[in-house]
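If you want the building blocks of each chain, they are given just below.
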Amino acid sequence: MDTNDIYVRPQVAWSKLRAARADGVNVYIYGATGFGKTELINRVLRRQNTVTFTGRDLTAADIAPDVLPVGNTVVIDDLQWAEGTDVRRAILDLLRRTDMWVVLAGRSPVPEWLSPALHARALEVITESDLTLTADNVKELFHLMGANLPESTIDRIIPTLSGSPVPVRLTAQAFSTGIPYNQAMYDNLVHDYWLYLDQHIYRSWPEELQDFMLKLSLLDRFTVPIARGLTGRDDAERLLRRA
């Protein structure tokens, strides 16, 4: 079996998304990079007629009432990039429609501009916690991918992965080759994950966001006011929602 076909369901998120689909309730899914938002959507909706957009290049005209086919599912991924009053108003209008189902996905908790839909109870929220793989999920994925480690070793590894599907998968792939677990192996895995983030995420950011996050990387933790003070950016909160 191709390892790309192997998938372990984050059960809470899976159940919420399927229930929302059955009830016709629109959905907002959020989680950091690597938590499997897009994969979850693709798996649950694989047999549905779906029109998919990315917030990075979305325009109001793309989702105008006379453009989208009635009865389809509309997915807008990377919602953190959807900026501009006209685009956000068009998304809110889309959420009010009763002739299609809408799934939104982003990296931050529900943004303030989506509050009207949330307050109208027109939006089911699937959180990063819902997307997190349990210890049993991790062990199942290790087994399916052929990472046959002693359970005691897997138990030591699990806390380092934070239940995030991408690092869990990278780790399982590495151990499926039969390489023993040791500190050098773990360090290589950490390096590979940062390489993944660099190649697939950070390089796609605009320069202003890269510069902003580079300055904040000096800190282990920070608040929005601290981010404003350190970077000199009054729009720090906006940039953090995009990261």
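Here, every reference points to the structure presented above.
Rules used throughout
- Residues numbered from 1 in each chain as written.
- Predicted model: local features only at pLDDT ≥ 70, side-chain atom pairs only at ≥ 80, totals over all residues.
- Heavy atoms only, no water.
- 1 Å grid on protein atoms, 1.4 Å probe; cavity = no way out; pocket = protein on both sides within 12 Å on 5 of 7 lines; lining within 4 Å.
- Points joined across faces, edges and corners; volume = space filled by probe spheres on them.
- Helix = DSSP H or I, 4+ residues; strand = E, 2+ residues; numbered from the N terminus.
- Nonpolar A, V, L, I, M, F, W, Y, C, P; charged D, E, K, R; others polar.
- Expected span 1.5 Å × (residues − 1).
- Buried < 20%, exposed > 50% of the residue type's maximum accessible area, 1.4 Å probe, protein only.
- Arc of directions from axis to C-beta.
- Contact = heavy atoms within 4.5 Å.
- Pairing = 2+ DSSP bridges.
- Axes fitted to C-alpha atoms, helices over the stretch in contact; angles between N-to-C directions.
- Phe/Tyr/Trp six-rings, centres within 6.5 Å; stacked < 30°, edge-to-face > 60°.
- Lys NZ or Arg CZ within 6 Å of the ring centre and 35° of its normal.
- Salt bridge = Lys/Arg side-chain N within 4 Å of Asp/Glu carboxyl O.

### Focus: the layout of surface pockets
No. 1: Counted as a void, the largest pocket has a volume near 1,100 Å³.
No. 2: Elements represented by at least two residues in the lining of the largest pocket include exactly α7 (151–161), α8 (165–175), α9 (183–200) and α10 (207–216).
No. 3: Grouping the constituent residues of the lining of the largest pocket by class yields 25 nonpolar, 8 polar and 4 charged.
No. 4: In this structure, the second largest pocket occupies an estimated 690 Å³ of space.
No. 5: In this structure, the second largest pocket is lined by 27 residues; those nearest its centre are Gly34, Gly36, Glu39, Val166 and Tyr196.
No. 6: Residue assignment for the lining of the second largest pocket shows that the elements contributing at least two residues are α2 (37–44), α8 and α9.
No. 7: It is α8 that provides the largest number of residues to the lining of the second largest pocket, a total of 5 residues.
No. 8: Among the residues making up the lining of the second largest pocket, the classes are represented as 13 nonpolar, 7 polar and 7 charged.

### Examining helix α1 (residues 11–23)
No. 1: Helix length check: α1 (13 residues) gives 18 Å between terminal C-alpha atoms against 18 Å at 1.5 Å per residue, within 8%.
No. 2: Of all the positions in α1, only Ala13, Trp14, Leu17 and Ala20 are classed as buried. In a view along the axis of α1, the buried residues occupy a sector of 135 degrees, so they form one face of it. Looking at α1, the residues exposed on the side facing more than 90 degrees away from the buried face are Ala22 and Asp23.
No. 3: Those residues of α1 that are buried lie in contact with β1 (26–30), α2, β4 (101–106), β5 (123–126) and α5 (128–131).
No. 4: One or two steps after α1, the chain reaches Gly24, where phi turns positive at roughly 70 degrees.

### Observations concerning unusual backbone geometry
No. 1: Despite not being glycine, Asp78 has its phi angle at roughly 50 degrees, a positive value.
No. 2: For Ser162, which is not glycine, the phi dihedral falls at a positive 55 degrees.
No. 3: For Ser162, the position within the fold is in the loop between α7 and α8.

### So, the sheet that holds strand β3 (residues 73–77)
No. 1: Strand order in the open sheet formed by 5 strands is β2-β3-β4-β1-β5, and the pairing between neighbours is parallel. Since the sheet does not close on itself, it has two edges, and those belong to β2 (50–54) and β5, each with one partner. Averaged over all pairs of adjacent strands, the angle between strand axes in this sheet comes to 15 degrees, irrespective of strand direction.
No. 2: As paired strands, β1 and β5 are joined by 4 bridges and run parallel to one another. The residue of β5 that forms the bridge with Asn26 is Leu123.
No. 3: Across the sheet, α1 lies against β1, β4 and β5, angled at about 165 degrees from β5, the strand it touches most.

### A short note on the packing of aromatic side chains
Centre distance and the angle of the planes are the two values used to describe a pair of aromatic rings.
No. 1: Summed over all chains, the structure comprises 4 aromatic pairs.
No. 2: Directly above the ring of Trp81 sits Arg56, whose terminal nitrogen or CZ lies 4.2 Å from the centroid.

### Topic: the pattern of salt bridges
No. 1: Under the counting rule described, the total for this entry stands at 13 salt bridges.
No. 2: Of the charged contacts in the structure, one is a salt bridge between Lys16 and Asp130, with a shortest N-O distance of 2.8 Å. Here Lys16 is found in helix α1, whereas its partner Asp130 is found in helix α5, with 114 residues between them in sequence.
No. 3: According to the relative accessible area criterion, Lys16 is partly exposed, its value standing at 28%.
No. 4: Of the charged contacts, one joins Glu151 and Lys139 as a salt bridge, the two residues approaching to 2.9 Å between their closest N and O atoms. A residue pair is termed long-range when its members are at least 10 positions apart, and Glu151 in helix α7 and Lys139 in helix α6 (residues 135–144) qualify at 12 residues.
No. 5: On the basis of relative accessible area, Glu151 is assigned to the exposed category, the value being 52%.
No. 6: Overlapping salt bridges bring together Glu83, Glu208, Arg233, Asp235 and Arg238 as one network.

### A short note on the environment of Ala147
No. 1: When you line up the elements, Ala147 lands in the loop between α6 and α7.
No. 2: Counting along the chain gives 47 residues from Ala147 to Trp194, while the straight-line C-alpha distance between them is 21 Å.
No. 3: Every residue in contact with Ala147, bar those within four places of it in the chain, is listed here: Phe142, Ala172, Phe175 and Ser176.

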